[in-house]
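Tertiary structure, described
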Amino acid sequence: MLPVDPTKKLSFTRCISDGDLVIVYEKYDTMKAVEVCAGSVLGNRFGVFKHSDWIGKQFGSKVFSSKGGFVYLLAPTPELWTLVLSHRTQILYIADISFVIMFLELVPGCLVLESGTGSGSLTTSLARAVAPTGHVYTFDFHEQRAVSAREDFEKTGLSNLVTVRVRDIQGEGFPDEFSGRADSVFLDLPQPWLAIPSAAKMLKQDGVLCSFSPCIEQVQRASETMRSSFTGRLFDAVISFCAL
Ligand SMILES: C[S@@+](CC[C@H](N)C(=O)[O-])C[C@H]1O[C@@H](n2cnc3c(N)ncnc32)[C@H](O)[C@@H]1O
């Protein structure tokens, strides 16, 4: 369970239970997500670790194998999840995620639209930022990626905060039901300029659009479309930036 509800926030005083997701930390570049299951073991170069030994220990604990090796059991925060999730696409990392969350002005209760979902790296942080009363609707046109993302949000305890839908956002735009309701829209699409007119319709007055593109040509074209789509309306911030 990720720290999505302030009253249930994970801390080093919360103990690990059967069924919890933990991040097994060997060293800074060797971590993996493991679902705790009382009858299972984890084997690695440090030995064999019984999950049953982990149950009841606090997150952050150092645990030992049968041959004296050790690992740390960390809580699955969005920051760590981004480092261990299975990469089905290019993903956003912490430096960009923190920038996006700040400029989208996300606070608990916000309604956020995102496309594409990709591997759900950004989505996980969006969900924590809007919890416990907000919601993230994330859209990807790739059916299997949507299925895998849903499974991940179940595992990380975010499924009540995130809805994954299959939709071609560049072709069809966002669904009309969100028109004028979104606090923020985030785009990580190959041709974001095709989705920007729809994104503009979805935003509330003072809503924020952020489009993330790895190439300067994409940024230029997206910026031009933003200028024309937002004419006559005042928004606090219209951001297009380039992660070079
Ligand atoms: C780079 S990935 C997004 C990564 C994501 N931001 C993350 O941090 O994990 C781009 C995603 O956009 C999706 N995509 C591309 N074109 C799309 C379209 N027309 N409509 C919806 N999704 C699309 C792709 O399937 C891919 O999963």
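Residues numbered from 1 in each chain as written. Predicted model: local features only at pLDDT ≥ 70, side-chain atom pairs only at ≥ 80, totals over all residues. Heavy atoms only, no water.

**Re the UniProt feature "binding site: S-adenosyl-L-methionine" (unreviewed entry) in the chain**
In the numbering used here, UniProt assigns the "binding site: S-adenosyl-L-methionine" (unreviewed entry) feature to S119, G120, S121, L122, D140, D168 and D188. Annotated residues from the preceding list that form part of the lining of the largest pocket: these are S119, G120, S121, L122, D140, D168 and D188. As for its position among the elements, S119 is in the loop between β7 (111–115) and α3 (121–130). We classify S119 as buried; its relative accessible area is 3%. (UniProt positions renumbered as here; feature names shortened; annotations may be inferred. 1 Å grid on protein atoms, 1.4 Å probe; cavity = no way out; pocket = protein on both sides within 12 Å on 5 of 7 lines; lining within 4 Å. Helix = DSSP H or I, 4+ residues; strand = E, 2+ residues; numbered from the N terminus. Buried < 20%, exposed > 50% of the residue type's maximum accessible area, 1.4 Å probe, protein only.)

**Some remarks on the nonpolar core**
Residues L104, L106, L126, V162 and F186 are the most contacted members of the largest nonpolar core, which totals 26 residues. Elements represented by at least two residues in this core include exactly α2 (94–103), α3, α4 (143–155), β9 (162–166) and β11 (203–213). Sorting elements by how many residues they give to this core places α3 first, with 5 residues. Non-local contacts of F186, meaning those with residues more than four positions away in its chain, are made with L92, V100, L104, L113, E114, S115, L122, C210 and F212. The next biggest cluster of nonpolar side chains, apart from the first, holds 21 residues, and it includes F174, A200, M202 and L209. (Core = buried A, V, L, I, M, F, W, Y, C linked by side-chain atoms within 4.5 Å. Contact = heavy atoms within 4.5 Å.)

**Section: the site of the ligand**
Residues in contact with the ligand amount to 23 residues; listed here are only the nearest, D140, R145, D168, I169 and D188. Here an oxygen atom of the ligand sits 3.3 Å away from a polar atom, N or O, in the main chain of G120. In the environment of the ligand, an oxygen atom lies 3.3 Å from a nitrogen or oxygen atom belonging to the backbone of L122. If you list the elements that add at least two residues to the shell around the ligand, you get α3 and α5 (169–172). (Near = heavy atom within 4 Å. Polar contact = N/O pair within 3.5 Å; in protein donor to acceptor, adjacent residues only side chain to side chain.)

**So, the sheet that holds strand β1 (residues 21–27)**
Spatially, the 4 strands line up as an open sheet ordered β2-β1-β6-β5, and their pairing is antiparallel. Two strands in the sheet have a free side with no partner beyond their single neighbour: β2 (30–35) and β5 (61–64). Neighbouring strand axes in the sheet, compared pairwise and without regard to direction, differ in orientation by 35 degrees on average. For β1 and strand β6 (residues 70–74), the ladder comprises 3 bridges, and the chain directions are antiparallel. Within the sheet, the bridge partner assigned to V24 lies in β6 and is L73. (Pairing = 2+ DSSP bridges. Axes fitted to C-alpha atoms, helices over the stretch in contact; angles between N-to-C directions.)

**What about α2?**
Among the residues of α2, I97, V100 and I101 are the ones counted as buried. Along the axis of α2, the buried residues cluster in a sector spanning 95 degrees; they form a single face. Every exposed residue of α2 that faces more than 90 degrees away from the buried side is listed here: A95 and M102. Of the residues trailing α2, E105 is marked for its positive phi of about 55 degrees. (Arc of directions from axis to C-beta.)

**Observations concerning the pairing of β1**
When β1 meets β2, the two strands line up antiparallel, connected through 6 bridges. From the neighbouring strand, L21 faces β2, where its bridge partner is E35. Linking β1 to β2, which pair antiparallel, is a turn of 2 residues.

**Description of the pairing of strand β4 (residues 47–50)**
The pairing of strand β3 (residues 41–44) with β4 spans 4 bridges and is antiparallel. Residue pairing for β4: N44 is matched across the bridge by G47. Hairpin connection of β3 to β4: 2 residues between the antiparallel strands.

**Digging into the environment of Y28**
For Y28, the location among the structural elements is in the loop between β1 and β2. Separated by 55 residues in the primary sequence, Y28 and L83 have C-alpha atoms spaced 10.0 Å apart.

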